[in-house]
Amino acid sequence: VVSGSALAVHTTVAELCSVFAKAEHDVRAADALLKETTRRLDAAFLRGGSGGTGGTQIADLSVHLSTRRNETRVEHIIREMRQRAWRAVVERLELRRMMSIERWKSLDKQLDEDDWPELTPENLGPFAGQFERALPEMREEAVLEVFNWLRPWRDEYKTNDRFVIGPKLVITSAVGRSWGSGRFDIRDHSQQQFIALENVLNGLDGKGSIAKGYYSDLSMALRESPSGTGETPLFKFRAFKNGNLHLTMKRPDLVSELNKIAGGKNLRPSTARAA
């Protein structure tokens with residue numbers, strides 16, 4: 001059974017599956033009607049294959065095989081419907097907000113490439129259940145991933161520390177100018193990282209993963225700022241033309257907890273700790 005907390009939808013799993021089953025039935029019925037229409041037209045106009053059309057069909061509507069694989073057009077349509085429906089279910093499960101970036105990339109690739117089973121409660125329940133059971137592990141992965149992303153491997157900027165996330169950070173190559181407004185925005189390759197960062201901090205604050213879209217609060221605030229400076233509940237920020245984003249953490253208690261969980265000062269070499 002898929003829990004209500006995991007499946008953030010207004011309709012139940014059974015209702016979603018019922019709607020899809022009805023749509024699949026209707027598509028097959030429409031395909032059958034198209035084929036019958038083609039047959040009647042050919043019978044009337046071609047008279048056994050003769051006539052002005054050179055023997056070709058009057059209405060070539062649904063008889064071709066898919067160019068991708070050996071399947072009829074209706075099977076191709078239904079397969080793509082099913083794939084997109086599963087992706088929509090994944091979005092309703094809000095898995096992207098709970099997963100580490102790497103785990104999400106893996107699932108995203110699977111959604112694009114794999115054939116998916118029938119959309120039924122019997123298939124949906126175990127699918128959602130595996131992620132609910134893995135939730136603690138996924139949260140830990142996200143914490144470690146965010147920690148390693150924010151912990152630079154070079155000491156180029158004095159605000160950055162290779163072993164501990166500090167109160168101020170410089171995120172390189174993080175921002176660019178929007179073509180439309182000319183204002184700063186988070187670059188596409190960094191969007192998921194900032195969503196993960198906000199989700200981890202909000203989770204440590206006991207609020208859960210509260211991001212509700214593909215863009216972080218930081219990204220939205222940056223878009224609204226003519227100067228590239230501003231703040232959110234978690235950060236103060238300043239964007240620069242060289243692509244760098246300067247962040248000041250407004251919740252040092254959450255940053256401290258992140259350092260503690262992910263390893264923090266324990267990652268320092270012994271000589272550095274002694275110093």
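Please refer to the structure placed before this passage.
What counts as what
All residue numbers here refer to positions counted from 1 along the written sequence of the relevant chain. Whole-chain, interface and lining totals are the exception, using all residues; otherwise, since this is a predicted model, local features are given only for residues with pLDDT of at least 70 and side-chain atom pairs are given and counted only at 80 or more. Processing note: side-chain calculations cover all non-hydrogen atoms of the structure and skip hydrogens and water entirely. Working definition: helices are DSSP H or I runs of at least four residues, strands are E runs of at least two. Numbering for both runs from the N terminus. Any two residues whose heavy atoms approach within 4.5 Å at even a single point are treated as in contact. A 1.4 Å probe and the Shrake-Rupley method give the accessible areas. Residues count as covered only by the protein chains that appear here. Working definition: with a 1.4 Å probe on protein chains only, accessible area under 20% of the residue-type maximum means buried, over 50% means exposed, and in between means partly exposed. Any helix carries an expected span of 1.5 Å times its number of residues minus one. DSSP-based pairing: two strands are paired if at least 2 bridges between them are found. Helix axes are fitted to C-alpha atoms over the stretch in contact, other axes to C-alpha atoms as well, and angles between N-to-C directions run from 0 to 180 degrees. Two rings belonging to Phe, Tyr or Trp (six-membered ring only in the last case) form a pair when the distance between their centres is within 6.5 Å. Interplanar angles under 30 degrees mark stacking, angles over 60 mark edge-to-face geometry, and anything in between is tilted. Charge-over-ring contacts are defined here by two conditions on Lys NZ or Arg CZ: a distance within 6 Å of the ring centre and an angle within 35 degrees of the ring normal.

K.L.:
Help me understand the overall build of the chain in this model?
P.N.:
If you tally the helices and strands in the chain, you get ten helices and six strands. A separation threshold of at least 6 residues defines the contact pool for the chain, and within that pool the share at least 24 residues apart is 59%. Accessible surface for the chain amounts to roughly 15,900 Å². Of this, 53% is attributable to carbon and sulfur atoms.

K.L.:
Would you mind going over the environment of methionine 249 with me for this structure?
P.N.:
Among the structural elements, methionine 249 can be located in strand β6 (residues 245-249). Overall, the relative accessible area of 8% leaves methionine 249 in the buried class. When the C-alpha atoms of methionine 249 and proline 167 are compared, they prove to be 5.1 Å apart, with 82 residues separating the residues in sequence. Those residues within four positions of methionine 249 in sequence are excluded, and the remaining contacts are Leu150, Ile165, Gly166, Pro167, Leu169, Leu234, Phe235 and Val255.

K.L.:
What is the right way to look at helix α7 (residues 188-204) in this model?
P.N.:
Counting along an α-helix, one turn takes 3.6 residues, and residues three or four places apart therefore face a common direction. In this model, α7 (17 residues) spans 26 Å end to end at C-alpha, consistent with the 24 Å of a helix rising 1.5 Å per residue. The element α7 is largely enclosed, with a buried count of 13 among its 17 residues. Two residues or fewer past α7, glycine 206 is found with a positive phi of approximately 80°.

K.L.:
Quick question: what am I supposed to make of the side chain of serine 219 here?
P.N.:
Checked against the element boundaries, serine 219 lands in helix α8 (residues 217-223). You can call serine 219 buried: its relative accessible area is 0%. The contact partners of serine 219, leaving out residues within four places of it in the chain, are Asp185, Ile186 and Gln191.

K.L.:
What exactly am I supposed to notice about the sheet that holds β6 here?
P.N.:
In any sheet, the strands associate via hydrogen bonds between backbone groups, in a parallel or an antiparallel arrangement. Reading across from one edge, β1-β6-β5-β4 is the order of the four strands in this open sheet, with antiparallel pairing throughout. Of all the strands in the sheet, just β1 (168-171) and β4 (229-231) have a single pairing partner and so form its edges. Mean inter-strand twist for the sheet, computed between neighbouring axes without regard to direction, equals 15°. As paired elements, β4 and strand β5 (residues 235-239) share three bridges and run antiparallel to each other. The residue bridging glutamate 231 from the neighbouring strand is lysine 236, located in β5.

K.L.:
Just to check I follow, could you spell out the pairing of β5 for this structure?
P.N.:
Side chains on a regular strand alternate between the two faces of the sheet. Only one face of β5 is buried, namely the one carrying Phe235, Phe237 and Ala239, since none of Lys236 and Arg238 on the opposite face is buried. Between β4 and β5, which pair antiparallel in sequence order, lie three residues. Inspection of the sheet shows β5 paired to β6 by five bridges, in the antiparallel sense. Along β6, the bridge assignment pairs phenylalanine 237 with leucine 247. Counting the residues that bridge the hairpin from β5 to β6 gives five residues, and of these glycine 243 lies at a positive phi of roughly 95°.

K.L.:
What am I meant to see in helix α6 (residues 135-150) here?
P.N.:
Its 16 residues place the ends of α6 23 Å apart at the C-alpha level, agreeing with the 22 Å of an ideal helix rising 1.5 Å per residue. The complete set of buried residues in α6 reads Leu135, Met138, Ala142, Val143, Glu145, Val146, Phe147 and Leu150.

K.L.:
Explain the pairing of β6 here, please?
P.N.:
Only one face of β6 is covered, namely the one carrying Leu245, Leu247 and Met249; the face carrying His246 and Thr248 has none of its residues buried. Note: β1 against β6, four bridges, orientation antiparallel. Residue pairing for β6: leucine 169 is matched across the bridge by leucine 247.

K.L.:
Before we go on, may I ask you to explain the packing of aromatic side chains in this structure?
P.N.:
For any pair of aromatic rings, the description rests on two quantities: the centre-to-centre distance and the angle between the ring planes. In the structure shown here, the tally under the stated rule is five aromatic pairs. Here tryptophan 86 and phenylalanine 127 contribute two aromatic rings whose centre-to-centre distance is 5.2 Å and whose plane-to-plane angle is 75°, an arrangement assigned as edge-to-face. You can see tryptophan 86 sitting in helix α2 (residues 73-92) and its partner phenylalanine 127 sitting in helix α5 (residues 121-133), a full 41 residues away along the chain. Ring geometry for phenylalanine 127 and phenylalanine 131: centres 5.2 Å apart, planes at 75°, overall edge-to-face. With phenylalanine 127 and phenylalanine 131 both in helix α5, this residue pair falls four residues apart, about one helical turn. We note that phenylalanine 127, like phenylalanine 131, is buried. An aromatic cluster of three or more residues is present, and its members are Trp86, Trp116, Phe127 and Phe131. Its end group placed over the ring of phenylalanine 184, arginine 177 keeps NZ or CZ at 4.0 Å from the ring centre.

None of this, on its own, says anything about what the molecule does.
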